[in-house]
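Each chain, letter by letter, is given below.
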Amino acid sequence: MRTKAPSSVRNQEKHLDKGLALYSKKLTLFPALTEVLKNLDTIPESDDLKIYKRERRKAVLLMKRPNNEGGSLVIKGFPLMKFSNQIRPGRFGQMEAHNMLQAEQHGIKSPRYLGFFEFRKFGLTKANGVIMEPLGSHKTLMEFAEDNSADAEKAFNLAIPTIAKLYRLGTNHIDVSPHNIMAENLDDLPYLIDWQACRFIGPKNDRQLILQGAQFLRYLNNVFPLTSQKKWLSTLYRTVTPGIPEDLFLKNSIHYAHQPRPSHEFRYRLDFDLNQVQTF
Ligand SMILES: Nc1ncnc2c1ncn2[C@@H]1O[C@H](COP(=O)(O)OP(=O)(O)OP(=O)(O)O)[C@@H](O)[C@H]1O
Ligand SMILES: [Mg+2]
């Protein structure tokens, strides 16, 4: 059975080369790019290729565009090791692609999506992923805070308009963290990245806002004291004006920020009891 890209991604199948398919109007599949897409987990760094992140199940690479096209590409690919994922690859690269396209349609600032690829062998999907534009000289909000602690409050406040927009649109990106928001400076609206785990649910949902605020604060215990975290949450609350009282919002957000991270399932369901949380 041939795996198909989701309809929103099934733009143009540009090329088929021994199992490699690229769905993009904007990209040409040169041999150098083919080589990278087929060997995400082993390809070494070089003058033309930088590794942003590589783990067993994911690689984020920056590659110079081949054949002197000029500029670079970011490839976020998922090498699929498990047979169960190889026969059902949908929640990896396809989700990232699908959600990036939805984000673009909703006007959420995110890296420009360029295409979706998949690599198949013997009928199994060995890898899939997205290709996007690099954000150039950007840093994550976490990097801003770590590079200069005087910038921490400003950097973290920069996430608030983005989270407010997700709230208004009912966009349940479940990994809104200081590592997944990137900016060139601390004055412009930043970019939200890492779209694999997200549902476009609409309409507004106060529980989504609580869990996104909590997810953001989860990483800040060492760089942002509790009083600053509460101040940040109050600013978020006043920016968004959700339908629940502020103390209930703060209590739940602080609670989930200091708990082990709830499961994906819990963060998508958004049906937890707001009145069960006792501590503050
Ligand atoms: N378009 C881009 N331009 C520049 N850098 C990027 C871009 N996309 C990703 N990066 C860099 O690569 C890193 C990893 O990317 P991303 O957050 O999408 O994957 P991930 O962190 O591995 O996913 P997860 O958070 O689910 O583990 C980012 O923190 C960022 O430094
Ligand atoms: Mg990330």
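Nothing here was measured: the structure is a model prediction, and the numbers come from that model.

1. Observations concerning the overall build of the chain
When helices and strands are counted, the chain shows ten helices and twelve strands. For the chain, whose C-alpha radius of gyration is 20 Å, the value lies close to the compact-globule estimate of 19 Å for 280 residues. C-alpha extents for the chain along the principal axes are approximately 60 × 40 × 30 Å. Counting every position in the chain, which comprises 280 residues, the buried fraction comes to 52%. The long-range fraction of contacts in the chain, counting pairs at least 24 apart against all pairs at least 6 apart in sequence, stands at 63%. For the chain, the accessible surface area stands at approximately 13500 Å², while carbon and sulfur atoms represent 48% of it.

2. So, the side chain of arginine 120
As for its placement among the helices and strands, arginine 120 is situated in strand β6 (residues 113-121). Within the structure, arginine 120 has its side chain in polar contact with the side chain of glutamate 118 (distance 2.9 Å).

3. Here's the deal with a positive patch on the surface
On the surface, a cluster of positive charge is made up of Arg56, Arg57, Lys82 and Arg91. Relative to the assigned elements, arginine 57 resides in the loop between β3 (49-55) and β4 (58-64). With relative accessibility at 57%, the residue arginine 57 sits in the exposed group.

4. A closer look at unusual backbone geometry
Here the residue pair glycine 202 and proline 203 is connected by a cis peptide bond, since its omega of -10° sits within 30 degrees of zero. If you trace the backbone, proline 203 turns up in the loop between β12 (198-200) and α7 (206-217). The backbone phi angle of threonine 241 is positive, close to 40°, even though this residue is not glycine. Within the secondary structure layout, threonine 241 lies in the loop between α8 (226-240) and α9 (246-257).

5. Examining the coordination of the magnesium ion (ligand 2)
Coordination angles at a metal have ideal targets, namely 109.5 degrees for four tetrahedral donors and 90 or 180 degrees for six octahedral donors. Looking at the magnesium ion (ligand 2), the protein donor atoms are Asn180 (OD1) and Asp194 (OD), and they sit 2.1 to 2.4 Å from it. In this pair, asparagine 180 is assigned in the loop between β9 (171-173) and β10 (181-183) and aspartate 194 in the loop between β11 (191-192) and β12, connecting sequence segments 14 residues apart.

6. Re helix α1 (residues 31-38)
Of all the positions in α1, only Leu33, Thr34, Val36 and Leu37 are classed as buried. Buried residues of α1, viewed axially, fall in a sector of 165°; they line one side.

7. Concerning the site of ligand 1
Taken together, 17 residues lie around ligand 1, and Lys53, Lys58, Lys76, Leu135 and Asp194 are the ones closest in. With respect to ligand 1, the side chain of lysine 76 contributes an N or O atom lying 2.8 Å from an oxygen atom. Within the contact set of ligand 1, a nitrogen atom lies 2.9 Å away from a backbone nitrogen or oxygen of leucine 135. Burial of ligand 1 by the protein chains amounts to 85% of its free accessible area of 620 Å². Among the elements of the structure, β3, β4 and β5 (72-79) are those that each provide at least two residues to the shell around ligand 1.

Rules used throughout
- Residues numbered from 1 in each chain as written.
- Chains lettered and ligands numbered in written order.
- Predicted model: local features only at pLDDT ≥ 70, side-chain atom pairs only at ≥ 80, totals over all residues.
- Heavy atoms only, no water.
- Helix = DSSP H or I, 4+ residues; strand = E, 2+ residues; numbered from the N terminus.
- Rg over C-alpha atoms; globule rule 2.2 N^0.38 Å.
- Buried < 20%, exposed > 50% of the residue type's maximum accessible area, 1.4 Å probe, protein only.
- Contact = heavy atoms within 4.5 Å.
- Areas by Shrake-Rupley, 256 points an atom, 1.4 Å probe, with all protein chains shown as cover.
- Polar contact = N/O pair within 3.5 Å; in protein donor to acceptor, adjacent residues only side chain to side chain.
- Patch = residues over 30% accessible without salt bridge, like charges linked within 9 Å, V, L, I, M, F, W, Y side chains within 5 Å.
- Salt bridge = Lys/Arg side-chain N within 4 Å of Asp/Glu carboxyl O.
- Lys, Arg positive; Asp, Glu negative; His and termini not counted.
- Charge placed at Lys NZ, Arg CZ, Asp CG, Glu CD.
- Donors = N, O, S within 2.8 Å, 3.2 Å for Na, K, Ca; no water.
- Arc of directions from axis to C-beta.
- Near = heavy atom within 4 Å.

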